[in-house]
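The chain contents come next:
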Amino acid sequence: MVISMKMRLGADYCWAITLKDNDEPIGCIDLVGINSFGVPEIGYVLSYDYWGNGIMTEAVKAVLGELFICGFDKVGACHCVDNPASGKVMEKSGMTYVRNCMAQKKFGSDEQCEVKCYEICRV
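Residues numbered from 1 in each chain as written. Predicted model: local features only at pLDDT ≥ 70, side-chain atom pairs only at ≥ 80, totals over all residues. Heavy atoms only, no water.

Caption draft 1: Quick peek at helix H2 (residues 84–92). Among the residues making up H2, those that are buried are Ser-86, Gly-87, Val-89 and Met-90. Down the axis of H2, the sector holding all buried residues measures 155°, keeping them to one side. Summarising the geometry of H2, the exposed residues directed more than 90 degrees from the buried face are Pro-84, Ala-85 and Lys-92. Those residues of H2 that are buried are in contact with strand S4 (40–46), helix H1 (55–69), strand S5 (74–80) and strand S7 (113–121). Two residues or fewer after H2 comes Gly-94, characterised by a positive phi angle close to 95°. (Buried < 20%, exposed > 50% of the residue type's maximum accessible area, 1.4 Å probe, protein only. Helix = DSSP H or I, 4+ residues; strand = E, 2+ residues; numbered from the N terminus. Arc of directions from axis to C-beta. Contact = heavy atoms within 4.5 Å.)

Caption draft 2: Geometry of H1. The terminal C-alpha atoms of H1 lie 21 Å apart, and with 15 residues this matches the ideal 21 Å at 1.5 Å per residue to within 8%. All buried positions along H1 are accounted for by Ile-55, Met-56, Thr-57, Glu-58, Ala-59, Val-60, Val-63, Leu-64, Leu-67 and Phe-68. (Expected span 1.5 Å × (residues − 1).)

Caption draft 3: Inspection of the nonpolar core at higher detail. Grouped together as the largest cluster of nonpolar side chains are 22 residues, with contacts concentrated most on Ile-29, Ile-42, Met-56, Leu-64 and Val-75. At eight residues, H1 tops the list of elements feeding residues into this core. In this view, Val-75 contacts Val-39, Pro-40, Ile-42, Leu-64, Leu-67, Phe-68, Met-95, Tyr-118, Glu-119 and Ile-120; residues no more than four positions away in its chain are not counted. (Core = buried A, V, L, I, M, F, W, Y, C linked by side-chain atoms within 4.5 Å.)

Caption draft 4: Molecular detail of the environment of Ile-69. The residue Ile-69 is located in helix H1 in this model. Separated by 53 residues in the primary sequence, Ile-69 and Arg-122 place their C-alpha atoms 9.2 Å from one another.

Caption draft 5: Just the state of the cysteines, in detail. This structure, assessed with the given rule, holds one disulfide. Note that Cys-80 is cross-linked by a disulfide to Cys-113, the S-S spacing being 2.4 Å. An S-S torsion of about -55° defines the bridge between Cys-80 and Cys-113 as left-handed. Taken together, the positions of Cys-80 in strand S5 and Cys-113 in strand S7 put the pair 33 residues apart, joining distant regions of the chain. Its relative accessible area of 8% is what places Cys-113 among the buried residues. Cys-14 takes part in no disulfide bond, and the closest cysteine sulfur, belonging to Cys-28, lies 7.8 Å away. (Disulfide = S-S within 2.5 Å.)

Caption draft 6: Examining the packing of aromatic side chains more closely. Under the definition given, this model contains three aromatic pairs. Judged by centre distance (5.2 Å) and plane angle (85°), the rings of Tyr-13 and Phe-72 are edge-to-face. On the criterion of sequence distance, the pair formed by Tyr-13 in the loop between strand S1 (3–7) and strand S2 (14–19) and Phe-72 in the loop between H1 and S5 is long-range, its members being 59 residues apart. Between Tyr-97 and Tyr-118, the ring centres sit 5.9 Å apart and the planes meet at 75°, which makes this aromatic pair edge-to-face. Of this pair, Tyr-97 sits in strand S6 (residues 96–103) while Tyr-118 sits in strand S7, and the two are 21 residues apart along the sequence. (Phe/Tyr/Trp six-rings, centres within 6.5 Å; stacked < 30°, edge-to-face > 60°.)

Caption draft 7: Representation of the pattern of salt bridges. Under the counting rule described, the total for this entry stands at three salt bridges. In this structure, Asp-73 engages Arg-122 in a salt bridge whose closest nitrogen and oxygen atoms are separated by 2.2 Å. On the criterion of sequence distance, the pair formed by Asp-73 in the loop between H1 and S5 and Arg-122 in the segment after S7 is long-range, its members being 49 residues apart. Of the charged contacts in the structure, one is a salt bridge between Glu-119 and Lys-74, with a shortest N-O distance of 3.6 Å. With Glu-119 in strand S7 and Lys-74 in strand S5, this residue pair connects regions lying 45 residues apart in the sequence. A single salt-bridge network, built from bridges that share partners, covers Lys-74, Arg-99 and Glu-119. (Salt bridge = Lys/Arg side-chain N within 4 Å of Asp/Glu carboxyl O.)

Below, the structure is given as structure tokens:
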């Protein structure tokens, strides 16, 4: 693992992503809510300097494992259709596409966008 995951103090199901040799956060993954189908969803962000290195896929896999250990049976995630790289992370993490829908997913905006939704079940 090229990264280390740290639970943030005072937060349930929130992880900082850091490189193993440096304690500075380069991203995070959070359990962001429960979708309209009752499935808990994760959201994630990674500093642009680290895109394309497999770091987020590694981190998402680690968080999914932790959530399943914590007792979750299914976890979902969504990405705006104009961000297909995020969908690749979901697919490489073992998640399966389930549907498209409209949702408010753009940070800092009330704008709705079309999103692709993925899920994974505990095995």
